[in-house]
Amino acid sequence: MAPGTMTDTGLQPKTPRADLTLWIAVAGLVALGLAFVASSTLSAEEMNRVPFWQQSWVRQGIWYLIGGAAAAAVCMVDYRILARWAPVAYVGTAIVLALILIPGIGAVRFGARRWIDLGPVQIQPSEFAKLALILMLAHFLSRPREELRRPLTFWQALGLTALPFVLILKEPDLGTALLLWPAALAMLWAAEVPETYLRRLVVGCALGGALLVANLLFAPPRWQIPLEEYQRQRLLVYFGRDFAPPDASPEERQRARALQEARSYQVRQALIAVGSGGLWGKGWGQGTQIALGFLPRTAAHNDFIFSVIAEEKGFVGSVTVLTLYGAILLRGLQIARQARDRLGRLIVVGVVTLLFSQVFINIGMNIRLMPVTGVPLPLLSYGGSSVVASLIAAGLMQNVSTHGRGYPP
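Predicted model only: the values in this text are computed from it and were never measured.

Asker: Hey, could you run me through the overall build of the protein in this one?
Answerer: Looking only at helices and strands, the protein features 17 helices and three strands. Against the globule reference of 22 Å for 409 residues, the protein gives a C-alpha radius of gyration of 23 Å, in line with a compact fold. The dimensions of the protein, computed from C-alpha atoms along their principal axes, are 95 × 50 × 45 Å. Taking all 409 residues of the protein together, 48% fall into the buried category. Carbon together with sulfur atoms contributes 66% to the accessible area of the protein, which is approximately 20,400 Å² in total. Across the protein, the mean location of the 36 positive side-chain charges is 5 Å away from that of the 24 negative side-chain charges.

Structure follows, in structure tokens:
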């Protein structure tokens, strides 16, 4: 053997490789997203008068390119270096979330102040705040196990989660705010925080949720927990409760019934779209719920994109979407299990939990398993901030898959 030859090939540096399972699934979702954003918007007559470059599917394609470039950039920097900048990203997104609550800075759409208007585009900072929180928690929880057993560490982690939660809730955006907690809980569990703390947290959250629902359904109006009116109405629609109070006059009851019909319209039409697709669907661009305007065109290409796919590609299309998401989530769990350090494992656990929660909530509200919350379907729903953030999340998984090899546990 020649002098200087390395006998232990396992110690040789490994060439970075793309995670094929992950990126084939991501590419499949991107292709479906582009196709069905086009299908759900081109049927509208007004889109025929919009210049080509301003059409929704073209803009979505541009966001896919920007998100792909951002994901590639994230992959090039070792996640350990990214984690050192996590406090800066966390504080920066918290400041931006606070600034958009100020009139004149945050852009108002649909009664909520969630966006920063940059002229041709509007950015939704809460989408990036979710990733900043994951990096911050991973950085914070990557400490000696003795410190993780201290109650103060547990409460500090909850405080880190509570700050963006409160700021996003104030926009108001209850759906996005609630997404922070499953990711935080999964990361605390993966970090091996004492189970006693986690059990108490889960029980407390469950009791709080039960009290909120009981208060909404049974408490007199003057005793009800303050909620935005549209949030209250969405929950009443989900639980099938009458909008009118018990002592309402016939006129008030009639107005409440009309309002309830209007608020439940989208959910009913989404269910009809899903159920009418059959096995193979009606064909791309042939969905009658979209073409005839029964499924509102303002929501079909974002919140209810799954219903569009289910109507036009049927059960087979729905299963294809679930299979692609399943491939990403299972591959993410494999990457987390194979990660050689706690930091990498926590990042991937947080990302996988966040994506799974979004998929579960969005598809659940399309088939009425969940109340309507406005949570986008990752990589499929129309929206630049959501698309870019989802591709960066995939880039973080690739980063850990690439740079997490060859290091001691």
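Back to the text.
Asker: Sorry, what's going on with the pattern of salt bridges here?
Answerer: Where charged atoms of side chains with opposite charge meet at close range, the side chains can pair. One pass over the structure, following the stated rule, counts 10 salt bridges. Between Arg 80 and Asp 78 there is a salt bridge, with the nearest N and O atoms lying 3.1 Å from each other. Each of the two residues, Arg 80 as well as Asp 78, counts as buried. Between Asp 341 and Arg 80 there is a salt bridge, with its nearest N and O atoms 3.3 Å apart. Taken together, the residues Asp 341 in the loop between helix H15 (305-338) and helix H16 (342-366) and Arg 80 in helix H3 (residues 79-84) connect sequence positions 261 residues apart. Per residue, the accessibility class of Asp 341 equals that of Arg 80, and both read buried.

Asker: I would appreciate a short explanation of the packing of aromatic side chains in the present structure.
Answerer: In this description, an aromatic ring pair is defined by two values, namely the gap between the centres and the angle between the planes. Throughout the structure, instances matching the rule amount to five aromatic pairs. With 5.2 Å between their ring centres and 35° between their planes, Phe 154 and Tyr 197 make a pair best called tilted. Residue Phe 154 is found in helix H7 (residues 151-169), and its partner Tyr 197 is found in helix H9 (residues 195-218); the two are separated by 43 residues along the sequence. Of the two residues, Phe 154 and Tyr 197, both sit in the buried class.

Asker: What is the right way to look at the side chain of Gln 260 in this model?
Answerer: Inspection of the secondary structure puts Gln 260 in helix H11 (residues 250-263). Owing to a relative accessible area of 18%, Gln 260 belongs among the buried residues under this scheme. A polar contact of 2.7 Å, which involves the side chain of Gln 260, links it to the backbone oxygen of Arg 241. Aside from chain neighbours lying at most four places away, what touches Gln 260 is Arg 241, Asp 242 and Phe 243.

Parameters and conventions
Residues numbered from 1 in each chain as written. Predicted model: local features only at pLDDT ≥ 70, side-chain atom pairs only at ≥ 80, totals over all residues. Heavy atoms only, no water. Helix = DSSP H or I, 4+ residues; strand = E, 2+ residues; numbered from the N terminus. Rg over C-alpha atoms; globule rule 2.2 N^0.38 Å. Buried < 20%, exposed > 50% of the residue type's maximum accessible area, 1.4 Å probe, protein only. Areas by Shrake-Rupley, 256 points an atom, 1.4 Å probe, with all protein chains shown as cover. Lys, Arg positive; Asp, Glu negative; His and termini not counted. Charge placed at Lys NZ, Arg CZ, Asp CG, Glu CD. Salt bridge = Lys/Arg side-chain N within 4 Å of Asp/Glu carboxyl O. Phe/Tyr/Trp six-rings, centres within 6.5 Å; stacked < 30°, edge-to-face > 60°. Polar contact = N/O pair within 3.5 Å; in protein donor to acceptor, adjacent residues only side chain to side chain. Contact = heavy atoms within 4.5 Å.

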